[in-house]
Amino acid sequence: MNYLSVLLGGGLGAVLRYCISQIPLKNNFPFLTLITNFTGAFLIGMINSFAIKKGLSGNKLLFLKTGICGGFTTFSTFSLETFNLIENHHIIMALVYIFLSIILCLVGVMLGMEV
């Protein structure tokens, strides 16, 4: 059941991301990706807060956080994890995580483009 929850949520999240990418916007700055990442971060924050206050089940959380938010953007997960580190007073670890995430992902894109 866990895998099905992730599968269905991930499919929905991916379709939502594709819909946003189809908005006709002519600009060099990646506004649509920025909007998608912000929306995903906002959504995962809302889901996490609601889960803490109301107590959502494991399958519902998998569907919403891992599935929808993960399919929509993994940036939402990165944002939540960074926020949790900061909230737990692990500031240096949060900064290292931010730095490594950005640099390693940029290097990954660069290396992937070289293949």
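Data block above holds the structure.
What comes next is a walk through the structure.

About the cut-offs
Residues numbered from 1 in each chain as written. Predicted model: local features only at pLDDT ≥ 70, side-chain atom pairs only at ≥ 80, totals over all residues. Heavy atoms only, no water. Helix = DSSP H or I, 4+ residues; strand = E, 2+ residues; numbered from the N terminus. Buried < 20%, exposed > 50% of the residue type's maximum accessible area, 1.4 Å probe, protein only. Contact = heavy atoms within 4.5 Å. Phe/Tyr/Trp six-rings, centres within 6.5 Å; stacked < 30°, edge-to-face > 60°. Axes fitted to C-alpha atoms, helices over the stretch in contact; angles between N-to-C directions. Parallel < 35°, antiparallel > 145°, perpendicular 65-115°, else oblique. Left-handed = near helix turned anticlockwise from the far one by under 90°. Nonpolar A, V, L, I, M, F, W, Y, C, P; charged D, E, K, R; others polar.

### A look at the overall build of the protein chain
Now for step 1: Secondary structure assignment for the protein chain yields 5 helices and 0 strands.
Now for step 2: For the protein chain, the succession of helices and strands along the chain, N to C, is α-α-α-α-α.
Now for step 3: With the C-alpha coordinates of the protein chain rotated into their principal frame, the extents come out at 45 × 35 × 30 Å.
Now for step 4: Within the protein chain, buried positions represent 22% of all 115 residues.
Now for step 5: Partitioning the contacts of the protein chain with sequence separation of at least 6, the portion at a separation of at least 24 is 59%.

### Brief notes about the packing of aromatic side chains
Now for step 1: Summed over all chains, the structure comprises 4 aromatic pairs.
Now for step 2: Ring plane angle 55° and centroid distance 4.8 Å describe the contact between Phe29 and Phe31, whose orientation is recorded as tilted.
Now for step 3: For the pair Phe75 and Phe78, a centre-to-centre distance of 5.3 Å together with 45° between the ring planes defines the contact as tilted. A residue pair is termed a helical-turn pair when its members lie 3 or 4 positions apart in one helix, as Phe75 and Phe78 do in helix 4 (residues 75–87) at 3 residues.
Now for step 4: Here Phe75 falls in the partly exposed class, since its relative accessible area comes to 38%.
Now for step 5: Among the aromatic residues, those joined into a cluster by ring pairs are Phe75, Phe78 and Tyr97.

### Observations regarding the packing of helix 2 (residues 31–54) against helix 4
Now for step 1: Where helix 2 meets helix 4, the axes come as close as 8 Å, and the angle between the chain directions of the two elements is 55°. As far as their axial angle goes, helix 4 and helix 2 are oblique. Once helix 2 is placed against helix 4, the crossing between them reads as right-handed. Here helix 2 contributes Asn37, Gly40, Ala41, Ile44 and Asn48 to the contact with helix 4, which in turn contributes Phe75, Ser76, Thr77, Ser79 and Leu80.
Now for step 2: Of the residues belonging to the contact of helix 2 with helix 4, the class tally is 4 nonpolar, 6 polar and no charged.

### Side note on unusual backbone geometry
Now for step 1: Positive phi, normally seen in glycine, also occurs at His89, with a value near 65°.
Now for step 2: With respect to the element layout, His89 can be found in the loop between helix 4 and helix 5 (91–114).

### Comments concerning the side chain of Thr82
Now for step 1: Mapped onto the elements, Thr82 comes out in helix 4.
Now for step 2: If we ignore the near neighbours within four places in the chain, the residues touching Thr82 are Ala94, Tyr97 and Ile98.

### So, the environment of Ile68
Now for step 1: Among the secondary structure elements, Ile68 is positioned in helix 3 (residues 58–72).
Now for step 2: The buried category is assigned to Ile68, whose relative accessible area is 11%.
Now for step 3: Apart from residues no more than four positions distant in its own chain, Ile68 is found in contact with Gly9, Gly10, Leu12, Gly13, Leu43 and Phe63.

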